[in-house]
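# Observations on chain architecture
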Amino acid sequence: MNLREKISTVFQKRFNESPAFIVRAPGRVNLIGEHTDYNDGFALPMTINRSVWIALRPRNDKKVSLRSLNLPNSAEFSLNKIAHGKNWDEYPRGVAWALQRADYPLQGWEGILASDIPVGAGLSSSAALELAIARAFWAVNRWDWNPTKMALLAQKTENDWMGLETGIMDQMVSANGKKESALLIDCRSLDFNLLPLPKQITVAILDTATRRGLVDSAYNERVTQCQKASNFFGVDALRDISPEKFKKQAKKLDPLIRRRAKHVITENVRTLQAAEAMRAGDANKLGQLIKESHLSLRDDYEVSSKELNTMVEIANTQTGCLGARMTGGGFGGCAVALVKNSATPSFSTEVAAIYQKKTGLKAQIYLCHPTNGAELVDEKAEG
Ligand code: GLA
């Protein structure tokens, strides 16, 4: 039974009728353009075929009631006075708060939620949850669905409700994703281009079975370091510094801050080159850029981990692998690899076996493809 069937069945049992709406929002894997979004730079993520699903029906009052099939506790709150929660219910509460603050009129609803996006793995389970919740509110209240506006509201939930300084990449792709395409996002203008994946390759997610620890403080520290660098150069964001300008002017910059800035500046260039390679269908070039991105994240930005490095090294030595790197915020979680279609079955078994031998950990390998961004997938006919 897939998740959609599962939530429908549980909904039916609990409420004695079929759901009025089923909505979903996908997780994402970032191909390249890491730690660039909060520097107004470029990112190139794609949605994946793992999502948060919600089956729901409207209520006549201001109550929201949501049970998760994966996570303990349920989310129960009133839209009349939204207080902070204690667990994952922070997300529905936060999204409702952000929507109300932006003057979206909200009526309550109740439903069942399930997700197959691993949590804390760098695959944006939180952004998917936020966008699925936003879609659920939309299904009940019907305003104009503008994916980018919704992405910004979901980001506000993280920034202003949860106190995390995350960028816009995850929410942008979970809201705007399209089947068969990656998204080149300009994180300053929020313009994006859909880029089809080269036909001959599969995107593999390599889950190291380690989860990030203390990541929020390390993440916020990187944000501050980048701000120090842009202050030094006298610009709004590191997006405004070319590699040439960096070479000429960075000598007086504190060595640690210089390395952080170097990553962001070179990563922006790599991301634009990667988009060009995708447009030209040049999978080899794309793979090469992905490899370079990993080295920069490992050595200059220092957000990788021992297990991520081991995983990437193993993947890169397999025949048929064009390039691998850590993906997402870092410090644990997943790597991503581009693999020739013909090599994928042996790639998955080989990588998992070698990784287990070297680390004692059991990796999960997900072969994935892009899916649509946050959407309504089913609506019960009236009457
Ligand atoms: C996390 C954040 C994103 C982005 C990445 C790093 O996933 O949520 O906004 O900064 O880290 O690229």
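Report on the accompanying structure.

Basis of the calculations
Counting restarts for each chain, with residues numbered from 1 along the sequence as it is written. A pLDDT threshold of at least 70 governs which residues receive local features in this predicted model, and a stricter bar of 80 or more applies before side-chain atom pairs are shown or counted, although totals over entire chains, interfaces and linings include all residues. Think of the side-chain values as coming from all heavy atoms in the structure, minus any hydrogens and water. Each helix is a run of DSSP H or I of at least 4 residues and each strand a run of E of at least 2, with the numbering of both proceeding from the N terminus. The globule rule is 2.2 Å times the number of residues to the power 0.38, and the radius of gyration it is compared with is taken over C-alpha atoms. Burial classes: relative accessible area under 20% of the type maximum marks a residue as buried, over 50% as exposed, and values in between as partly exposed (1.4 Å probe, protein chains only). It only takes one pair of heavy atoms within 4.5 Å for two residues to be counted as in contact. Accessible surface area values rest on a Shrake-Rupley calculation with a 1.4 Å probe, where residue burial reflects the displayed protein chains alone. In this tally Asp and Glu are treated as negative and Lys and Arg as positive; neither His nor the chain ends contributes. Taken as the charge location is NZ of Lys, CZ of Arg, CG of Asp or CD of Glu. A cavity here means a set of 1 Å grid points, computed over protein atoms only, where a 1.4 Å probe fits but cannot escape. A pocket is an open set with protein on both sides within 12 Å along at least 5 of 7 lines, and lining residues have an atom within 4 Å of a point. Grid points are joined across faces, edges and corners, and a volume is the space filled by probe spheres set on the points. Start and end positions for the domains come from either an automated domain assignment or a database one. Between Lys or Arg on one side and Asp or Glu on the other, a salt bridge is scored when a side-chain nitrogen of the former is within 4 Å of a carboxyl oxygen of the latter.

Another point: the overall build of the protein. In terms of regular secondary structure, the protein is built from eleven helices and twelve strands. Against the 2.2 N^0.38 benchmark of 21 Å for 383 residues, the protein shows a C-alpha radius of gyration of 21 Å, consistent with a compact globule. When the backbone C-alpha atoms are referred to their principal axes, the protein occupies close to 65 × 50 × 40 Å. By residue count, 58% of the 383 residues in the protein fall in the buried class. When contacts within the protein are restricted to residue pairs at least 6 apart in sequence, those whose partners lie at least 24 apart make up 73%. Of the accessible surface of the protein, which amounts to about 16,100 Å², a share of 48% is contributed by carbon and sulfur atoms. Distance from the positive charge centre (50 side chains) to the negative charge centre (42 side chains) of the protein: 3 Å.

Let us now look at the layout of surface pockets. Quantified by volume, the largest pocket comes out at close to 830 Å³. In terms of lining residues, the largest pocket is bounded by 41 residues, among which Tyr91, Ser124, Ser125, Ser126 and Arg212 are the most central. Elements supplying a minimum of two residues to the lining of the largest pocket: strand S5 (109-115), helix H3 (125-141), helix H5 (169-176) and helix H6 (215-233). Both domains that furnish three or more residues to the lining of the largest pocket are identified here as domain 1 (3-193 + 371-379) and domain 2 (196-368). There is about 230 Å³ of room inside the second largest pocket.

Throughout the structure, instances matching the rule amount to 24 salt bridges. Here arginine 4 makes a salt bridge to aspartate 378, at a shortest N to O gap of 3.8 Å. Taken together, the residues arginine 4 in helix H1 (residues 3-15) and aspartate 378 in strand S12 (residues 375-379) connect sequence positions 374 residues apart. Classification of arginine 4 as partly exposed rests on a relative accessible area of 31%. Among the ionic pairs, lysine 262 bridges to aspartate 300, the shortest N-O distance being 3.3 Å. Taken as a pair, lysine 262 in helix H8 (residues 255-279) and aspartate 300 in the loop between helix H9 (283-299) and helix H10 (306-316) lie far apart in primary sequence, 38 residues in all. Take lysine 262: its relative accessible area is 38%, and that puts it in the partly exposed class. With relative accessibility at 12%, the residue aspartate 300 sits in the buried group. Because the salt bridges share partners, they merge into one network encompassing Glu17, Arg57, Arg59, Asp61, Glu110 and Lys380.

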